[in-house]
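# Chains, contacts and geometry: an overview
Chain residues, written in single-letter form:
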Number of protein chains: 2
Amino acid sequence: MNRLIDALPDIKISTAPEDLICYSFDASGLEASPSAVIWPENTEDVVRVMRYAFDNGIPVVPRGAGTGMTGGAVPSKGAIILSLEKMNRILEIDPENLYVLCEPGLINGRLQRELERMGLFYPPDPASMSFCTIGGNVAENAGGPKAIKYGVTRDYVMEIEAVLPNGKILTTGVRTPKGVVGYDLARLLVGSEGTLSVFTKIRLKILPLPEDVVTLLVMFEDLGSSGHAVSRIISSKIIPRTLEFMDSEAIKAVENFKPVGLPKDVEAILLIELDGHPPAITKEAEKVADICEHLGAEVNIAEDEEARGKLWEARRAVSPALYHISPTKINEDVVVPRNRIPEMLNRLRRLSEESGIKIVNFGHAGDGNIHVNIMVDKKNKEEYKKGLELVEKVFKETLELGGTISGEHGIGLTKTSYMGMEISETEMSIMRSIKKIFDPKNILNPGKIFLP
Amino acid sequence: MNRLIDALPDIKISTAPEDLICYSFDASGLEASPSAVIWPENTEDVVRVMRYAFDNGIPVVPRGAGTGMTGGAVPSKGAIILSLEKMNRILEIDPENLYVLCEPGLINGRLQRELERMGLFYPPDPASMSFCTIGGNVAENAGGPKAIKYGVTRDYVMEIEAVLPNGKILTTGVRTPKGVVGYDLARLLVGSEGTLSVFTKIRLKILPLPEDVVTLLVMFEDLGSSGHAVSRIISSKIIPRTLEFMDSEAIKAVENFKPVGLPKDVEAILLIELDGHPPAITKEAEKVADICEHLGAEVNIAEDEEARGKLWEARRAVSPALYHISPTKINEDVVVPRNRIPEMLNRLRRLSEESGIKIVNFGHAGDGNIHVNIMVDKKNKEEYKKGLELVEKVFKETLELGGTISGEHGIGLTKTSYMGMEISETEMSIMRSIKKIFDPKNILNPGKIFLP
């Protein structure tokens, strides 16, 4: 690595053990030490790093905040971590053309706050929004609770400036709401998990901030009814901005870890938000409450900003809280067509009963996106093995119901061996060929998405 | 072609001169005779045609209704036209999961009507919606007036079944609102202009039908003010569902061809629609009217369904009406950031004055998407040459203002030589390599998008 430091004298590089440790893992729990960490400060720095890496065949792993769940930012053997965290500026907010231009290291939550102050709105808000970066969001095609109404990151990316593995700069997409000049490479980069290019600038579509929001907490004594409620709300022609689900284990985990007063004796809760013009959402909220009450649920409306904040704090605390149930959670994010949620929850319950392993479910029910958490202890080898076997079974049930094995976490390292369950040989072979076009030497985030 | 007929005895094939003539052109006005026309009835038919074509190196041009503006469906030398018009079924409408599964030959307008009857909504509605097919819409990433609020075809494609040039079937995308398993090949196929695969089934996202619509006709005595109105409406945090623009020449053309009572003495009109909950859109309509009146405009509200229908009839008649002004229109669909519309209109006026050639402008102002029509007579060679020279100048001005040379018509044949003005060598080379992955023998719609 001394050669690297000599070659790029004015770019911040570290090989100090404490830095290598900090950048050796992400939220997946996987871990491997990089050979160095580099902090570029502009596009030109990224170009120089990639040229050096290309010429010397050194693997490079781009990294936002490391909040990914599938190991996408975990270094491969001998890899350099390219941390984009210093490239974190908002370069332009344009309220007339409704876009924002930013650098990849910008924290999602900071962008949200800056825009809100101007009455503007960037909808994708993953649970990790206080830490995760826009670059990481684009690399993973991040979703979040508001996807049901507002779509995912893909739907907001207009233009990307990226550095290719050979150091060339690719600018793709348009700065207008429409554009059909050649193939849609911008969308191809979205969700490519850092395997095709390193983003250096991102232009995102933004929206006017909705006038008002109503938040409902709905409690079900019966798991199945909560699933039916989801379908009925949508069939009634109402699209809430969030339709979040937590099962009883998820509720208990939060209440034990960070109590906000959720009822511990129900089988499921839905956290439903409607946004728009006040009279319209008041009417919609009444309709939603009616539908849920007919299914035997109890409906509470959050009276003020504080009550709403508390509910969301609880929702966002689920993921960390689960570590208090068992040392290891194998965390999946399957999606089924939303009217198959009750069936999927039944199947998950059966899998849990058969294996004797606790499965905790929560997630974005409106999208059919369920975060399935298989609770085990990695140190108990037999239990951990059983947990991993459950993963495959969960995926099998998901695909049988017409679903997909990942709604927003991507493949990374943890799902590479399952990808073939969903993606045909024909499709996989096209994806591998595309990877080769962008990265003929396989130096950019190697080992991610594809099995070696 | 007799060998082809022998090889595929049970698929409808014609080499009759009257069929070859009917399938030799599209709305671009370009023309070339195919060697045969084939009408497959299912995926298996398409597989067999493509296998035969692949083995024998015969070019194949997939075709919807031939309403494309850039020659995408015009046959290349010796090509077979693969007309998808018999594969026109709606296979499934699912109001709980909010999707529709259809075949590529389904007419857009038929889908709209079927859905509306169920209180559902498929927003993309190109002006040719009564004729154009969903397959063609996906191939071109079709837009339409509602794109400003609802996005373009790309935003509605969930899953595609397609046949590759070698006859293999590729199913890509998901049937759920989210999915991030590998690269986004579904979005790569959208807008690929029939150069990568032949669509055989398409799953589209649908929405609940908005409760109500308000339509405003706004008349400006000053062209620039109409452009300013567009920016001001958006900056005021209102996103209309359409924000259509017609200049005085476009208005006159319609009134002479299909009179609906538009005022012939104004410089521009905006056709603005707001949709949603009645009290909300009434409030928004008042705000929009205020903004326009402050800019000196006269605002009329369409009182009923009939009045609204008439206005839209007028808007859709612009394109055909222009043929009554001059025999040839060179029709472009540039896009600029919406706050640059006044500047773009000025530059277009200057180009028209300098060249002495009439330029008629209309289009989707809310998106910054202007249909620029250069009015000439192809038989007058000098004039036609001047007209073609203007095209390049229009593109130059567009790109200078941060725009794109095509918002919804694509590249096809007519824009291949201009693509390099917008797309860098680096990006173009990636696009060409992607074409090679899908179509190594270059038999699928050859000569489109890329210069030979």
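Keep in mind the model is a prediction, meaning the values are calculated, not measured.

Basis of the calculations
Residues numbered from 1 in each chain as written. Chains lettered and ligands numbered in written order. Predicted model: local features only at pLDDT ≥ 70, side-chain atom pairs only at ≥ 80, totals over all residues. Heavy atoms only, no water. Phe/Tyr/Trp six-rings, centres within 6.5 Å; stacked < 30°, edge-to-face > 60°. Helix = DSSP H or I, 4+ residues; strand = E, 2+ residues; numbered from the N terminus. Buried < 20%, exposed > 50% of the residue type's maximum accessible area, 1.4 Å probe, protein only. Lys NZ or Arg CZ within 6 Å of the ring centre and 35° of its normal. Pairing = 2+ DSSP bridges. Axes fitted to C-alpha atoms, helices over the stretch in contact; angles between N-to-C directions. Least-squares fit on C-alpha atoms with pLDDT ≥ 70 in both. Contact = heavy atoms within 4.5 Å. Salt bridge = Lys/Arg side-chain N within 4 Å of Asp/Glu carboxyl O. Expected span 1.5 Å × (residues − 1). Arc of directions from axis to C-beta. Buried area = accessible area lost by both parts, 1.4 Å probe. Nonpolar A, V, L, I, M, F, W, Y, C, P; charged D, E, K, R; others polar. Patch = residues over 30% accessible without salt bridge, like charges linked within 9 Å, V, L, I, M, F, W, Y side chains within 5 Å. Areas by Shrake-Rupley, 256 points an atom, 1.4 Å probe, with all protein chains shown as cover. Lys, Arg positive; Asp, Glu negative; His and termini not counted. Charge placed at Lys NZ, Arg CZ, Asp CG, Glu CD. Parallel < 35°, antiparallel > 145°, perpendicular 65-115°, else oblique. Left-handed = near helix turned anticlockwise from the far one by under 90°. Core = buried A, V, L, I, M, F, W, Y, C linked by side-chain atoms within 4.5 Å. Domains from an automatic or database assignment. Polar contact = N/O pair within 3.5 Å; in protein donor to acceptor, adjacent residues only side chain to side chain.

### Remarks on the packing of aromatic side chains
Scanning the entire structure with this criterion turns up 10 aromatic pairs over all chains. Ring geometry for F121 of chain A against Y150 of chain A: centres 5.1 Å apart, planes inclined by 90°, an arrangement best described as edge-to-face. Taken together, the residues F121 of chain A in strand β7 (residues 120-121) and Y150 of chain A in helix α6 (residues 147-150) connect sequence positions 29 residues apart. Both residues of the pair, F121 of chain A and Y150 of chain A, belong to the buried class. Between the aromatic rings of Y122 of chain A and Y156 of chain A, the centroid separation amounts to 5.8 Å while the plane-to-plane angle is 80°, which identifies the pairing as edge-to-face. One end of the pair, Y122 of chain A, is in the loop between β7 and α5 (134-140); the other, Y156 of chain A, is in the loop between α6 and β8 (157-163), with 34 residues separating them in the sequence. By relative accessible area, Y122 of chain A is classed as buried at 1%. Positioned above the aromatic ring of Y99 of chain B is the side chain of R203 of chain B, whose terminal nitrogen or guanidinium carbon lies 4.6 Å from the ring centre. Sitting over the face of the ring of F54 of chain B, K441 of chain B holds its NZ or CZ atom 4.3 Å from the ring centroid.

### Some words on the sheet that holds strand β9 (residues 169-173) of chain A
Residues and elements named next belong to chain A. Across the sheet, which stays open at both edges, the 5 strands sit in the order β5-β6-β10-β8-β9 with antiparallel pairing between neighbours. For this open sheet the edge positions go to β5 (90-94) and β9, each flanked by a neighbour on one side alone. This sheet shows a mean twist of 10° between the axes of neighbouring strands, independent of strand direction. Of the strand pairs in this sheet, β8 and β9 are connected by 5 bridges, and their pairing is antiparallel. By the bridge assignment, E161 is partnered in β9 with T171.

### With respect to the relation of the copies chain A and chain B
Least-squares fitting of chain A to chain B yields an RMSD of 0.0 Å, with the superposition described by an axial translation of 0.0 Å and a rotation of 180°. Here the two chains are linked by the operation of a two-fold rotation axis. By residue overlap, the copies meet face to face through one surface: 100% of the interface positions of chain A are interface positions in chain B.

### Some words on the pairing of β8 of chain A
Both faces of the sheet carry side chains from a regular strand, because those side chains alternate between them. Residue and element names in this part refer to chain A. Summarising burial for β8: 7 of the 7 residues are buried, a large majority. Examined bridge by bridge, β8 and strand β10 (residues 198-205) share 6 bridges and lie antiparallel to one another. Looking at β10, one finds that E159 is bridged to R203.

### Remarks on the pattern of salt bridges
Applying the stated rule across the entire model yields 64 salt bridges over all chains. A salt bridge links K358 of chain A to E249 of chain A, with the shortest nitrogen-to-oxygen separation between them at 3.3 Å. Taken together, the residues span a long stretch of sequence, with K358 of chain A in the loop between α12 (341-355) and β17 (359-364) and E249 of chain A in helix α9 (residues 248-257) at a distance of 109 residues. Residue K358 of chain A is classed as partly exposed on the basis of its relative accessible area, which comes to 36%. In this structure, R117 of chain B and E114 of chain B form a salt bridge, with 3.8 Å as the shortest nitrogen-oxygen distance. Placement of the pair is R117 of chain B and E114 of chain B together in helix α4 (residues 108-117), with a separation of 3 residues, close to one helical turn.

### What about helix α10 (residues 278-294) of chain A?
All names here are of chain A. With 17 residues, α10 ought to run about 24 Å at 1.5 Å a step, and its terminal C-alpha atoms sit 24 Å apart, in line with that. Tucked inside the fold, the buried residues of α10 contact β12 (212-220), α8 (223-235), β14 (268-276) and β15 (298-301). Positioned one or two residues after α10, G296 has a phi angle of 85°, which is positive.

### Topic: helix α10 (residues 278-294) of chain B
An α-helical turn contains 3.6 residues, so any two residues separated by three or four positions project in the same direction. All names here are of chain B. For α10, the complete set of buried residues consists of A280, I281, E284, A285, V288, A289, I291 and C292. Looking down the long axis of α10, one finds its buried residues gathered within 165° of arc, a one-sided arrangement. Those residues of α10 that are exposed and angled more than 90 degrees off the buried face are E286 and H294. The secondary structure elements touched by the buried residues of α10 are β12 (212-220), α8 (223-235), β14 (268-276) and β15 (298-301).

### Digging into the interface of chain A and chain B
With 86 residues of chain A at the contact, the number on the chain B side is 86 residues. Summed over both sides, the interface between chain A and chain B buries roughly 6700 Å², with carbon and sulfur atoms accounting for 63% of that surface. The salt bridge partner of E408 of chain B is K178 of chain A, with a shortest N-O separation of 2.8 Å. Broken down by secondary-structure element, the contributors of at least two residues to the side of chain A that touches chain B are β9, α7 (185-189), α8, α10, α14 (419-422) and α15 (425-438) of chain A. With 9 residues, the top contributor of residues to the side of chain A that touches chain B is α15 of chain A. Residues of the side of chain A that touches chain B, tallied by class, amount to 36 nonpolar, 29 polar and 21 charged.

### Some thoughts on a negative patch on the surface
Residue and element names in this part refer to chain A. On the surface, E221, D222, D265, E286, D290, E293 and E298 cluster together into a patch of negative charge. The dominant element in the negative patch, judged by the number of residues it contributes, is α10, at 3 residues. Here E298 lies in strand β15.

### Some words on the packing of α8 of chain A against α12 of chain A
Residues and elements named next belong to chain A. Axis separation between α8 and α12 bottoms out at 8 Å; the angle between their running directions is 150°. Looking at the two axes, α8 sits roughly antiparallel to α12. When the axes of α8 and α12 are compared, the crossing they make is right-handed. Contacts from L223, G224, G227, H228 and V230 in α8 reach I341, P342, L345 and R349 in α12. Along the lines of polarity and charge, the residues of the contact of α8 with α12 split into 5 nonpolar, 3 polar and 1 charged.

### A few points about the nonpolar core
Ranked by size, the top nonpolar core spans 180 residues in total, and within it L204, L270, C292 and I374 of chain A together with L204, C292 and I374 of chain B carry the most contacts. The residues touching I374 of chain A, leaving out its near neighbours within four places in the chain, are T328, K329, I330, I357, K358, I359, G387, L390, V391 and V394 of chain A.

### Some details on the sheet that holds β12 of chain B
Residues and elements named next belong to chain B. Here we have 7 strands laid out as an open sheet, ordered β15-β12-β14-β13-β17-β18-β16, and antiparallel in their pairing. Looking along the sheet, the strands with just one partner apiece sit at the ends: β15 and β16 (328-335). On average, each strand axis in the sheet is inclined to that of its neighbour by 20°, with strand direction left out of account. For strand β17 (residues 359-364) and strand β18 (residues 369-376), the ladder comprises 6 bridges, and the chain directions are antiparallel. Residue pairing in the sheet places N361 in a bridge with V372 of β18. Where α8 meets the sheet, its contacts fall on β12, β13 (242-247) and β14, and the angle it forms with β14 comes to roughly 20°. Where helix α11 (residues 305-321) meets the sheet, its contacts fall on β12, β13, β14, β16, β17 and β18, and the angle it forms with β12 comes to roughly 60°.

### A few points about the environment of L98 of chain B
Turning to its location among the elements, L98 of chain B is positioned in the loop between β5 (90-94) and β6 (99-102). L98 of chain B sits 326 residues away from S424 of chain B along the chain, and the two C-alpha atoms are 39 Å apart. In contact with L98 of chain B, other than residues within four places in its own chain, are I234, I239 and R338 of chain A together with L120, L204, K205, I206 and P208 of chain B.

### Comments concerning the domain arrangement of chain A
Residue and element names in this part refer to chain A. When the domains of chain A are assigned, the result is domain 1 (2-83), domain 2 (90-208), domain 3 (212-319) and domain 4 (326-400). The centre of domain 1, based on its C-alpha atoms, is set 22 Å off from the matching centre of domain 2. Across the contact, 13 residues belong to domain 1 and 17 residues belong to domain 2. Both faces combined, the contact of domain 1 with domain 2 buries some 1200 Å², and carbon together with sulfur accounts for 69% of it. The three residues of domain 1 that bury the most area against domain 2 are T43, M50 and T67, which together make up 35% of that side's buried surface. Summed over the shared surface of domain 1 and domain 2, the number is 1 residue pair in polar contact (both at pLDDT 80 or more). Element by element, the count of residues in the side of domain 1 that touches domain 2 is highest for helix α3 (residues 43-56), at 6 residues.

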